[in-house]
Amino acid sequence: DQQVKQNSPSLSVQEGRISILNCDYTNSMFDYFLWYKKYPAEGPTFLISISSIKDKNEDGRFTVFLNKSAKHLSLHIVPSQPGDSAVYFCAATYGAGGTSYGKLTFGQGTILTVHP
Amino acid sequence: EAGVTQFPSHSVIEKGQTVTLRCDPISGHDNLYWYRRVMGKEIKFLLHFVKESKQDESGMPNNRFLAERTGGTYSTLKVQPAELEDSGVYFCASSRQRYEQYFGPGTRLTVT
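Residues numbered from 1 in each chain as written. Chains lettered and ligands numbered in written order. Predicted model: local features only at pLDDT ≥ 70, side-chain atom pairs only at ≥ 80, totals over all residues. Heavy atoms only, no water.

For the peptide bond that leads from F7 of chain B to P8 of chain B, omega is -5 degrees, which places it in the cis range. Residue placement: P8 of chain B occurs in the loop between β1 (5-7) and β2 (10-13). One non-glycine residue, K71 of chain A, lies in positive phi territory at about 50 degrees. Position of K71 of chain A relative to the elements: it lies in the loop between β7 (62-67) and β8 (72-77). (Helix = DSSP H or I, 4+ residues; strand = E, 2+ residues; numbered from the N terminus.)

Set out below in structure tokens:
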């Protein structure tokens, strides 16, 4: 049962344009969402996160949007740069203070390629 | 600040053998996690330590997998005996707070 889904295996964009990566989830208990970036032969690197009490969080070129009613979040990268080419994973967790808090449930990942 | 380190980076073993993976978390991080990514699929949670105690081991596939965290510092994950389906990349992560986790580079395990 895939609770976090990234339905686009890959995305290709031109340098300078916007990259939009999408993620859907099914578990309504999730209350914290994260995006990780992964280069080949490296571990995932934390990028940006959002709590379920917010609908938007911005950090430089990266913005995450959360639509709780649709159980959907997206990561916007503006402007996209060739160095952003990597695999992007959406992750979710829930249960602040409980034993499950911190356990991340990941999507399958989206390969982003930014062309010069 | 040194990051999360994992050893070995790659291990090739035969079915039925034993392998032990090691993870050294970031100093001062009480939370330590193990995850696994099989065949380019999603990264799946295995277990979570808080200091030396197992907080959640709901993701451990079966009793062939044994994780320990001695003294609340480094952790080991032993697979005994290894099966073909255990092949994948095993990631360790650590954190102070429970949600923003810092990952190591992973150990690629190949069981032949």
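Turning to the sheet that holds strand β7 (residues 65-68) of chain B, a few remarks are in order. Residues and elements named next belong to chain B. Spatial ordering of the open sheet is given by β1-β3-β8-β7, a layout of 4 strands whose pairing is antiparallel. In the strand order of this sheet, the two ends are held by β1 and β7, each with one partner. Put simply, the sheet's adjacent strands are angled 15 degrees from each other on average, direction ignored. Pairing analysis gives 4 bridges linking β7 to strand β8 (residues 75-79), with the strands arranged antiparallel. Bridge pairing links F65 to V79 in β8. (Pairing = 2+ DSSP bridges. Axes fitted to C-alpha atoms, helices over the stretch in contact; angles between N-to-C directions.)

Attention shifts here to the interface of chain B and chain A. Counting residues at the interface gives 20 residues for chain B, matched by 23 residues for chain A. Of the roughly 1,700 Å² buried between chain B and chain A on both sides combined, carbon and sulfur atoms contribute 59%. Summed over the three residues of chain B that lose the most area to chain A, namely E42, I43 and Y99 of chain B, the buried surface amounts to 31% of that side. The tally of links between chain B and chain A comes to 0 salt bridges. Where chain B meets chain A, there are 3 residue pairs in polar contact (both at pLDDT 80 or more). Only β4 (31-37), β5 (43-50) and β6 (53-56) of chain B provide two or more residues apiece to the side of chain B that touches chain A. Broken down by class, the residue content of the side of chain B that touches chain A amounts to 8 nonpolar, 6 polar and 6 charged. (Contact = heavy atoms within 4.5 Å. Buried area = accessible area lost by both parts, 1.4 Å probe. Salt bridge = Lys/Arg side-chain N within 4 Å of Asp/Glu carboxyl O. Polar contact = N/O pair within 3.5 Å; in protein donor to acceptor, adjacent residues only side chain to side chain. Nonpolar A, V, L, I, M, F, W, Y, C, P; charged D, E, K, R; others polar.)

The next subject is a nonpolar patch on the surface. All names here are of chain A. Taken together, the side chains of I18, I20 and V78 make up a nonpolar region of the molecular surface, amounting to roughly 230 Å² of accessible area. For I20, the position within the fold is in strand β3 (residues 19-25). By relative accessible area, I20 is classed as partly exposed at 38%. (Patch = residues over 30% accessible without salt bridge, like charges linked within 9 Å, V, L, I, M, F, W, Y side chains within 5 Å. Areas by Shrake-Rupley, 256 points an atom, 1.4 Å probe, with all protein chains shown as cover. Buried < 20%, exposed > 50% of the residue type's maximum accessible area, 1.4 Å probe, protein only.)

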